[in-house]
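A structural walkthrough
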There are 2 protein chains.
Amino acid sequence: MAGVTKELLLEDISVCAPANHTEPIDRAVAEAMATILKAVADPARLQLLSILKYAPSQEACVCDLTEPLGLSQPTVSHHLKVLADAGLVSRERRGSWAWFSLVPVRLDELRSFLE
Amino acid sequence: MAGVTKELLLEDISVCAPANHTEPIDRAVAEAMATILKAVADPARLQLLSILKYAPSQEACVCDLTEPLGLSQPTVSHHLKVLADAGLVSRERRGSWAWFSLVPVRLDELRSFLE
DNA sequence: ATTGTATATCGACATTCATCAATATAGATA
DNA sequence: TATCTATATTGATGAATGTCGATATACAAT
């Protein structure tokens, strides 16, 4: 099935926007949030997010990322896919290169949820 | 070796207090933060944190937690240990019961790091 | 001491995951 | 078309992890 994205859309986790809970979350919400948190809970992916944050024009292509991470190109590509599926980074193809950039609102959601 | 704790102390991650970075984090910092994030990135543990947050007097014992989570007592005990090792909850023995409560400053650190 | 209850640890199992080499795909250029 | 480069996918492998039953430990109360 081409064109099907596995990205978790914001609407899927209705509870994580305002974080105005008055009672404990249930299993379904916990699983949805855990999916996003798992995407962040990896050293390589934390480095990727950090590099993107401080990159000129807040973006970078895969070829700029393998060397600072010390990982192979397939592995870096894999990590970027995990981040993209979680909605934490976006991908834009320009010529032969794939440019990745942060989706800041997604990290805002994470922080809100932890309040 | 009795009395040895595996808790990650705040001092161990010198960079996560103010979150005033000006350059990308290195692998060591990323690994330290990933350890704490991994502790949070699990549905059962997110539920535990949430239940503790809304519990009367912000604490609960294991026997109060198995039923809402639908998991066995050893499994809940295991998850609480993971959270305690990450410094996210504290444990206090009172009689036969072990009372767990949140360590809010630890969650503050997580949020700061994601800024 | 014995019994009972609450919690922790152990051992095992199935699943997930990070990683790489090999290969496939996409796009640019000749 | 053919070729070159950048990125994505596949397949395999070893490590980490969530879960439970069985057992051990800690504490209270007979």
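Above this text you will find the structure in question.
All figures in this text were calculated on a predicted structure; none of them were measured in a lab. (Residues numbered from 1 in each chain as written. Chains lettered and ligands numbered in written order. Predicted model: local features only at pLDDT ≥ 70, side-chain atom pairs only at ≥ 80, totals over all residues. Heavy atoms only, no water.)

To continue, consider the protein's contact with DNA strand D. By nearness alone, 24 residues border DNA strand D, and Gln73, Ser77 and Arg91 of chain A together with Thr75 and His79 of chain B come closest of all. A share of 72% is what sugar and phosphate atoms reach among the atoms of DNA strand D within 4 Å of the protein. Between Arg91 of chain A and DNA strand D, the recorded distance is 2.6 Å, taken from a side-chain N or O atom to a phosphate oxygen. Contributions of two or more residues to the surface near DNA strand D are made by helix 3 (62-69), helix 4 (73-85) and strand 3 (97-102) of chain A together with helix 4 (73-85) of chain B. Its residues placed into classes, the surface near DNA strand D shows nine nonpolar, nine polar and six charged. (Near = heavy atom within 4 Å. Polar contact = N/O pair within 3.5 Å; in protein donor to acceptor, adjacent residues only side chain to side chain. Helix = DSSP H or I, 4+ residues; strand = E, 2+ residues; numbered from the N terminus. Nonpolar A, V, L, I, M, F, W, Y, C, P; charged D, E, K, R; others polar.)

The subject of this paragraph is the pairing of strand 3 of chain A. Residues and elements named next belong to chain A. Sheet analysis places strand 1 (residues 59-61) next to strand 3, joined by three bridges and oriented antiparallel. Counted as the bridge partner of Glu59 is Ser101 from strand 3. In terms of strand pairing, strand 2 (residues 89-94) meets strand 3 through six bridges, oriented antiparallel. What sits directly across from Val89, in strand 3, is Leu102. A loop of two residues connects strand 2 with strand 3, the two strands running antiparallel in sequence, and Gly95 in this loop sits at a positive phi of about 65°. (Pairing = 2+ DSSP bridges.)

Quick look at the side chain of His79 of chain B now. Residues and elements named next belong to chain B. Structurally, the position occupied by His79 is in helix 4. Within the structure, His79 has its side chain in polar contact with the side chain of Arg45 (distance 3.0 Å). Leave out the neighbours within four places in its chain, and His79 touches Asp42, Ala44, Arg45, Leu48 and Leu71. (Contact = heavy atoms within 4.5 Å.)

Turning our eyes to something else, we now look at the sheet that holds strand 3 (residues 97-102) of chain B. Residue and element names in this part refer to chain B. Ordered in space as 1-3-2, the three strands form an open sheet in which the pairing is antiparallel. The sheet terminates laterally at strand 1 (59-61) and strand 2 (89-94), the two strands that pair on one side only. In this sheet, adjacent strand axes meet at a mean angle of 30° when their direction is disregarded. Across the face of the sheet, helix 2 (residues 43-54) comes into contact with strand 1, strand 2 and strand 3 while running at roughly 90° to strand 3. (Axes fitted to C-alpha atoms, helices over the stretch in contact; angles between N-to-C directions.)

Now for the interface of chain B and chain A. Facing 30 residues of chain B, the contacting portion of chain A comprises 30 residues. For the interface between chain B and chain A, the tally reads zero salt bridges. The interface formed by chain B and chain A holds eight residue pairs in polar contact (both at pLDDT 80 or more) in total. Among the elements of the structure, helix 1 (27-40), helix 2 and helix 5 (104-113) of chain B are those that each provide at least two residues to the side of chain B that touches chain A. Looking at the side of chain B that touches chain A, its residues break down into 17 nonpolar, four polar and nine charged. (Salt bridge = Lys/Arg side-chain N within 4 Å of Asp/Glu carboxyl O.)

Rotating chain B by 180° and translating it 0.0 Å along the rotation axis places it on chain A, where the RMSD comes to 0.0 Å. Read as a symmetry element, the transformation amounts to a two-fold axis. Among all residues of chain B, the one whose C-alpha sits closest to the rotation axis is Arg111 of chain B, at a distance of 2.6 Å. Comparing contact sets, 100% of the residues at the interface of chain B also lie at the interface in chain A, consistent with an isologous, same-surface contact. (Least-squares fit on C-alpha atoms with pLDDT ≥ 70 in both.)

Right, let's get into the pattern of salt bridges. Two side chains carrying opposite charge are able to pair once their charged atoms lie near each other. Residues and elements named next belong to chain A. For the structure shown, the criterion picks out 12 salt bridges over all chains. Glu59 is the salt-bridge partner of Arg94, the closest N and O atoms lying 2.9 Å from each other. Separated by 35 residues along the polypeptide, Arg94 in strand 2 and Glu59 in strand 1 bring together distant segments of the chain. A relative accessible area of 34% places Arg94 in the partly exposed class. The salt bridge partner of Asp108 is Arg111, with a shortest N-O separation of 2.7 Å. You can see Asp108 and its partner Arg111 sitting in helix 5 (residues 104-113), three residues apart, about one turn around the helix. Overall, Asp108 belongs to the partly exposed group, its relative accessible area being 34%. (Buried < 20%, exposed > 50% of the residue type's maximum accessible area, 1.4 Å probe, protein only.)

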